[in-house]
Amino acid sequence: MLPEEPLHEIQARADDAAASVTAAFSRPLFGLPGTTLAAVKSPRSRTLLPGPWHYWWQAHYVDVLVDAALRGSPHAVRQASQLVRTIRLRNWLRATNWYFDDMAWLALAVRRLDAVIPARPVRNQGRDGAVPAVNVRPHPRMLSALGDALKSAHTRDFGGGLYWNRRRTFKNTPATAPAALHFARSGDRERAQSLVDWLNDVLLDNSTGLYLDGVKAAQSGEPVLERAVFTYNQGPILGALLELGGPANLTRAADLVGAVRTGLTHPGTSVLITHGTGDAGLFTGILCRYLALAAVSPTIPPARREEAAELVASTAQELWAGRTKRGEWSVFSPHPLEPAEQHYPAGTGVDLSTQLSAWMILEAAARVRRGLG
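Bear in mind that the values here come from a model prediction, so they are computed numbers and not experimental data.

Rules used in this analysis
- Residues numbered from 1 in each chain as written.
- Predicted model: local features only at pLDDT ≥ 70, side-chain atom pairs only at ≥ 80, totals over all residues.
- Heavy atoms only, no water.
- Helix = DSSP H or I, 4+ residues; strand = E, 2+ residues; numbered from the N terminus.
- Rg over C-alpha atoms; globule rule 2.2 N^0.38 Å.
- Buried < 20%, exposed > 50% of the residue type's maximum accessible area, 1.4 Å probe, protein only.
- Contact = heavy atoms within 4.5 Å.
- Areas by Shrake-Rupley, 256 points an atom, 1.4 Å probe, with all protein chains shown as cover.
- Lys, Arg positive; Asp, Glu negative; His and termini not counted.
- Charge placed at Lys NZ, Arg CZ, Asp CG, Glu CD.
- Core = buried A, V, L, I, M, F, W, Y, C linked by side-chain atoms within 4.5 Å.
- Pairing = 2+ DSSP bridges.
- Axes fitted to C-alpha atoms, helices over the stretch in contact; angles between N-to-C directions.
- Salt bridge = Lys/Arg side-chain N within 4 Å of Asp/Glu carboxyl O.
- pLDDT = per-residue confidence, 0-100.
- Parallel < 35°, antiparallel > 145°, perpendicular 65-115°, else oblique.
- Left-handed = near helix turned anticlockwise from the far one by under 90°.
- Nonpolar A, V, L, I, M, F, W, Y, C, P; charged D, E, K, R; others polar.
- Phe/Tyr/Trp six-rings, centres within 6.5 Å; stacked < 30°, edge-to-face > 60°.
- Lys NZ or Arg CZ within 6 Å of the ring centre and 35° of its normal.

## A closer look at the overall build of the chain
A count of helical and extended segments in the chain gives 13 helices and 13 strands. The C-alpha atoms of the chain give a radius of gyration of 20 Å, which matches the 21 Å a tight globule of 373 residues would have. Across the 373 residues of the chain, 55% fall into the buried class. Contacts in the chain between residues at least 24 apart in sequence constitute 64% of all its contacts with a sequence separation of at least 6. Only carbon and sulfur atoms are counted for the fraction: they give 52% of the accessible area of the chain, which is about 15,600 Å². A gap of 9 Å separates the mean positions of the 40 positive and 33 negative side-chain charges of the chain.

If you want it as structure tokens, here you go:
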């Protein structure tokens, strides 16, 4: 049964997460006015210095700012546009990098951002004119560069799919699934469907209904399956199945929601499992983004929509209940059924990934609540 909470309360929780992540992590790059990037851990110095910055975490930061913009946040589009500009600056003036999954995540986020940018270019002035104006314009050249890079990783090796990185020894769900969704949304539906078909043929575990991690080359010459199962691998393939539509894809999407409910929740609950901190801290937030799409999709059966909605709402509710406060901002647990202070005691550093994931889950809950009325 879905938690019965008013829309304004659920949206207020998402607002709280947005404000908390921004306050705790967002910093100018090298102290440059008009730039912003998220530190990978908080607390940190006020100016972001060279060091780990995790391109794909920043891509999901863009994506969740778009979520906030769709709820009506007045500054989210400007913040997201500034962030995209800074990602390119930090990446040595390039959109592309070594990892094809990173590029797929950024392509998805930037395409969503461009869809909410006003038709006419807008120059947003900082408060009292103290911050230089930021151009808010679409990003066709960036999307083109990212799309071309993703196409270059789609080869016949291993029967299809997308390579994970430029070493080209491993094809996996984390690269192939978001790329399939990107191609579906950008109009290259034939390529998107071929990637989905490859995932179904090679990496779908028929015993669980969930997608395995990947397939890699081995010294024997025979490809070897990486059988790990992660929450985030199920999310973008669910999105691609819904986007492409058609009886086979929609049946698979509905079945996947059921498989997630059976295989990726804590026993006796509708609360999704998580995978810890670091990169894995983002995983379940990504799954919730796409479960929210399933929850409001009229193309899958009502029972599966309700399951998807319950998974998102229950996970969000537990995260909110277990949060702690540091001054005016909230800290969320990497494990929804355990209190945040158990993992992040006072005075310890907090991972950006886990806080972005919590924000994503709270935004997904708001989307579900809006879609269900």
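What follows continues from the structure just given.
## Some details on the nonpolar core
Grouped together as the largest cluster of nonpolar side chains are 120 residues, with contacts concentrated most on Tyr 61, Leu 238, Val 260, Leu 291 and Trp 359. Excluding residues within four positions of it along the chain, Tyr 61 makes contact with Val 21, Thr 22, Ser 26, Ala 38, Leu 83, Leu 356 and Trp 359.

## Quick look at the sheet that holds strand S10 (residues 224-226)
With antiparallel pairing, the three strands of this open sheet are ordered in space as S6-S9-S10. Bordering the open sheet on either side are strand S6 (170-172) and S10, each of which pairs with just one other strand. Ignoring strand direction, the axes of neighbouring strands in this sheet form an average angle of 25 degrees. Pairing analysis gives three bridges linking strand S9 (residues 214-216) to S10, with the strands arranged antiparallel. Paired with Lys 216 across the two strands is Val 224, which belongs to S10. Contacts from helix H7 (residues 189-203) reach S6, S9 and S10 within the one sheet, and its direction differs from that of S9 by about 75 degrees.

## Side note on the environment of Ala 23
By the element assignment, Ala 23 lies in helix H1 (residues 7-25). Measuring from C-alpha to C-alpha, the distance between Ala 23 and Ser 330 comes to 9.9 Å, with 307 residues separating the pair along the chain.

## Quick look at the pattern of salt bridges
As a working rule, side chains carrying opposite charge can pair if their charged atoms are close by. Within this structure, the stated rule accounts for 16 salt bridges. Two residues, Lys 41 and Asp 351, come together in a salt bridge whose shortest N-O distance is 2.6 Å. Remark: Asp 351 occurs in strand S13 (residues 350-351) and Lys 41 occurs in strand S3 (residues 41-42); sequence separation between them is 310 residues. Between Asp 63 and Arg 112 there is a salt bridge, and its shortest N-O distance comes to 2.6 Å. With Asp 63 in helix H2 (residues 55-70) and Arg 112 in helix H4 (residues 100-116), this residue pair connects regions lying 49 residues apart in the sequence. In terms of burial, Asp 63 and Arg 112 fall into one category: buried. Where salt bridges share partners, they join Asp 63, Asp 67, Arg 112, Arg 289 and Arg 367 into one cluster.

## Focus on the confidence of the model for the chain
Looking at the chain, pLDDT values average 93 and 93% of them are 70 or higher. For residues 125-133, every residue scores under 50 in pLDDT, and the model assigns this stretch nine contacts once sequence neighbours within four places are set aside.

## Focus: the packing of helix H5 (residues 140-152) against helix H6 (residues 173-186)
It is the contact of H5 with H6, at a shortest axis distance of 11 Å, that shows an interaxial angle of 125 degrees. The angle between H5 and H6 places the two elements in the oblique class. The interaxial crossing formed by H5 with H6 has left-handed handedness. When H5 is examined against H6, the residues Gly 147, Leu 150 and Lys 151 are found in contact with a partner set consisting of Ala 179, His 182 and Phe 183. Taken together, the residues of the contact of H5 with H6 sort by class into three nonpolar, two polar and one charged.

## Some thoughts on the packing of aromatic side chains
Counting across every chain of the model gives ten aromatic pairs. Aromatic pair Trp 53 and Tyr 55: ring centres 6.0 Å apart, planes at 65 degrees, arrangement edge-to-face. Of the two residues, Trp 53 and Tyr 55, both sit in the buried class. Seen in terms of ring centroids, Trp 320 and Phe 332 are 6.3 Å apart; in terms of plane orientation they differ by 35 degrees. Their pairing is tilted. Placement of the pair is Trp 320 in helix H11 (residues 302-321) and Phe 332 in the loop between strand S12 (329-331) and helix H12 (340-343), with a sequence separation of twelve residues. Residue Trp 320 shares its accessibility class with Phe 332, and that shared class is buried. Among the aromatic residues, those joined into a cluster by ring pairs are Trp 56, Trp 105, Phe 230, Tyr 232 and Phe 283. Lying across the ring of Tyr 163, Lys 171 places its NZ or CZ 4.7 Å from the centre. The aromatic ring of Phe 183 is capped on one face by Arg 191, whose charged end is 5.4 Å from the ring centroid.

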